[in-house]
Amino acid sequence: MSGDTIAARPARALPGSGEHRRHVLVAVVQNRTGVLNRVASLMRARNFNIESLSVSHTDSDDVSRMTITIHGDEFHVEQAIKQLYRLIDVLKVQDVTDEPSVQHELALVKVRATDRNRGEIVSIVEMYRGRVVDLAPDAAIVEVTGTEAEVDALIALLRGFGIKELVRTGAVVMARGSASIEEATKR
Amino acid sequence: MTVTKGEGARSGTHSHVPDAGTPTAEAIEKARRDMLHQGRIEKRTRIGADVVCEALLRQGVDVIFGYPGGVILPLYDVFGDYPELRHVLVRHEQGAAHAADGYARSTGRVGVCLGTSGPGATNLVTGIATAQLDSIPMVAITGNVPGALIGKDAFQEIDITGITLPMTKHNYLVRSADDIAAVFAEAFHIARSGRPGPVHIDLTKDALQGETRAEHPDQEEVLARLPGFRPTLDGHPRQLKTVAHEIAKAKRPVILAGHGILIAEAWDELRELAEKARIPVAWSLLGIGAMDEDHPLAYGYMGMHGWKHVNRAIQSADLIIALGMRFDDRVTGNVKTYAPHARIVHVDIDPAEIGKNVAVDVPVVGDVRRVLAALLPLVAPVDHEARASYMEQLAEWRRDSEASSWHGSGTWRNGLLSADYVVERIGALNDHDATMVADVGQNQMWTARYAGYRRPHSHLSSGGLGTMGYSMPAAMGAALGRPDKKTWAIVGDGGFQMTIQELATLVQDDIPVKIALLDNHKLGMIRQWQELVYANNYHSSDMVGPDYLKLAEAYGIPAWKATRPEEVDDAILAANAADGPALVWFEIASEQNVFPMMPAGKGLSDLLEEPGLEVDE
């Protein structure tokens, strides 16, 4: 056929071979019943792997904000964003992975502490700008906020004393500068 | 509170007493309803159930398909007061959902179905999913247990909004009568706007029974309540210029027309574009009817069981203009080998469809009618000369392909009745103007390939979900939606027996659906795959069915049987001439396959064709 004379173009398959990495999405959503369920259900049904998801109120009562970290390449993540937009309650989604931003999480760590090593624990925690928020005869609760890496590092050090319990919020994120994703949703 | 029913305050009198004796409870109830209808009772408390009916009427709904049950009874208790709302009592809630779907597809309006909580609601699920996969505007209403009982595993309680959440465009659980008006206004707006889809509304029994003075919001208020739902309607002007440029460059362009053309009512613009730039039009299963098949530029049905010439054109095209379609795997086959020489223009109202299945060169997000209307003036007319050799090639491919897949004399092997012939005759004897409602499987592919379509919304088929049992209930909805057209349900013996109970609905509501039962005593498509893909390893594809003439007789439906080609026309005409529903039992060759066929995982260039087909015309 005549098409043979034309140089073959690349296959129609989606590239999908880009660099797989962690992406952080911020979604501003209407604060309606079940919106968290909708987002979580969609991510599951469409085969997107959520690493962490945090939800909170914003300054306006009818709007909530989600920080979603997922793993994938840029096409995967772009498709995730488009699918999120199909949800009626979703107002705005932004991939802030490559934007200058503050990405922090909070961790509470219940660590074994005796009279002998309590001072050592406190000094390590202070180095990471954490603090001891509860003390018991044989344990302490440490609170720390920071980037995922900072929190990881402190936890690694505390592990040597024996971690009894650990909870992390997952990242919450905000772009630096004066631009506001929430203001961008107000039409 | 009390409100005045009906339009404006009617002065009435309460002096009327129904003639009695000793009235039964039934008679008293009937009298109460009669009085309501006639405006003799002017005041009654307005409850949530009234708001549902008001909302349906405000949305222009004239028929709903449903099935009563415990918690939805408050709604049935007021239906009598709204005689403009026709309620069709189906025999199974799946039938209600498919009927609403058929109504929507045949008219372009929102279809409405209704069921009670628990099993009533779960029975709707298959029909709602069918609508979701095919972007059908539908509002599905269910009842639920009183709010205080939710989460207690009450009788007939199930978390139905949890079930429908991933398979609806949106859903609602309404727990207060005050919220009903706003929710219904939102639901209809969402169902029909942008890319259409089903919206599910779950109403607790106390919401239906609660008194309310909530008013129905106007369109502006609805939009204000949905700040996250703003479909993009107009294509980006720069993208449109790029599309026009691509068209000007192309030597072998093909238009792929999808369901979006029908949803957006863009068939005129489609034809104008094809004519102006002399581009052949191929269509997907749901794009059938977007182009009059008699048009010289109408090239044919594409994909897994599409025409060989059409798939050939796509594989050799240098430009594909995809309009309101989503590159389903049944359309593309293996995407790696799909349309290897083509640049792809993709127009769709749903941004998530662009770049979902295939890589696209020129994306345009927008309503396809508006996009085409804006594009047309930018497109340079292409003259006959410029396309002469291309058109010649296309015509040659078409002759070759049609000769190799058509049993024109009506018989397959050994004189057995050929299904493609039956479908072709139904199309022809109805002047290609009937609404043809296919089921799923071989019958669906024969219906898509051979009936011949000349108008939009004349072909209904469950494409995305592939729901067997779809045909007859969907045809019920289509027959009520378009009473001016004949409605034919084309169904195999497998699918027919899945929703066969709706025969009674056809009789009770006198719905004139004509049923063409293509009976091969097999699950034909399963048998075909077992033959061709699973090395003749047949299992569970043989089917014993009833004597369908006796069955039809038992329901009081006139029926005919045809087993030879010369009996086909008479049977079709007899069914057409019957007043109400009718059935024609076509006993077809049991081992006829649908060819060509693209095996799963293969590409459009790897079509299986019928071995040794003798052209007997």
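Quick notes on the rules
- Residues numbered from 1 in each chain as written.
- Chains lettered and ligands numbered in written order.
- Predicted model: local features only at pLDDT ≥ 70, side-chain atom pairs only at ≥ 80, totals over all residues.
- Heavy atoms only, no water.
- Contact = heavy atoms within 4.5 Å.
- Buried area = accessible area lost by both parts, 1.4 Å probe.
- Salt bridge = Lys/Arg side-chain N within 4 Å of Asp/Glu carboxyl O.
- Polar contact = N/O pair within 3.5 Å; in protein donor to acceptor, adjacent residues only side chain to side chain.
- Helix = DSSP H or I, 4+ residues; strand = E, 2+ residues; numbered from the N terminus.
- Nonpolar A, V, L, I, M, F, W, Y, C, P; charged D, E, K, R; others polar.
- Pairing = 2+ DSSP bridges.
- Axes fitted to C-alpha atoms, helices over the stretch in contact; angles between N-to-C directions.
- Disulfide = S-S within 2.5 Å.
- Buried < 20%, exposed > 50% of the residue type's maximum accessible area, 1.4 Å probe, protein only.

Draft legend 1. Representation of the interface of chain B and chain A in the model. The interface of chain B with chain A comprises 39 residues on the first partner and 27 residues on the second. Contact with chain A buries surface across chain B, with B:Leu165, B:His170 and B:His341 losing the most and accounting together for 20% of the total. Seen at the junction of chain B and chain A, the total is two salt bridges. The shortest N-O distance in the salt bridge between A:Arg86 and B:Asp350 comes to 3.1 Å. Between the two partners, chain B and chain A, sit seven residue pairs in polar contact (both at pLDDT 80 or more). For the side of chain B that touches chain A, the secondary-structure elements that each account for two or more residues are β7 (170-174), α7 (177-192), α13 (308-316) and β13 (343-348) of chain B. Top element by residues in the side of chain B that touches chain A is β7(B). It accounts for three residues. Taken together, the residues that form the side of chain B that touches chain A break down as 20 nonpolar, eight polar and eleven charged.

Draft legend 2. The arrangement of the sheet that holds strand β2 (residues 50-57) of chain A in detail. Residue and element names in this part refer to chain A. Read from one edge of the open sheet, four strands run β2-β3-β1-β4, paired in antiparallel fashion. In this open sheet, the two edge strands, each paired with only one partner strand, are β2 and β4 (90-95). Sheet twist, expressed as the average angle between the axes of neighbouring strands with direction ignored, equals 15 degrees. Pairing between β2 and strand β3 (residues 63-72): seven bridges, direction antiparallel. In the sheet register, Leu53 faces β3, and the bridge partner there is Ile68. Packed on one face of the sheet, helix α1 (residues 35-45) meets β1 (21-30), β2 and β3 and runs near 15 degrees to β3. Lying on the sheet, helix α2 (residues 74-86) is in contact with β1, β3 and β4; it crosses β4 at an angle near 165 degrees.

Draft legend 3. Structural view of the state of the cysteines. Residues and elements named next belong to chain B. This structure, assessed with the given rule, holds zero disulfides over all chains. Free cysteine Cys53: the closest other cysteine sulfur is in Cys113, separated by 15 Å. The exposure class assigned to Cys53 is buried, which follows from its relative accessible area of 0%.

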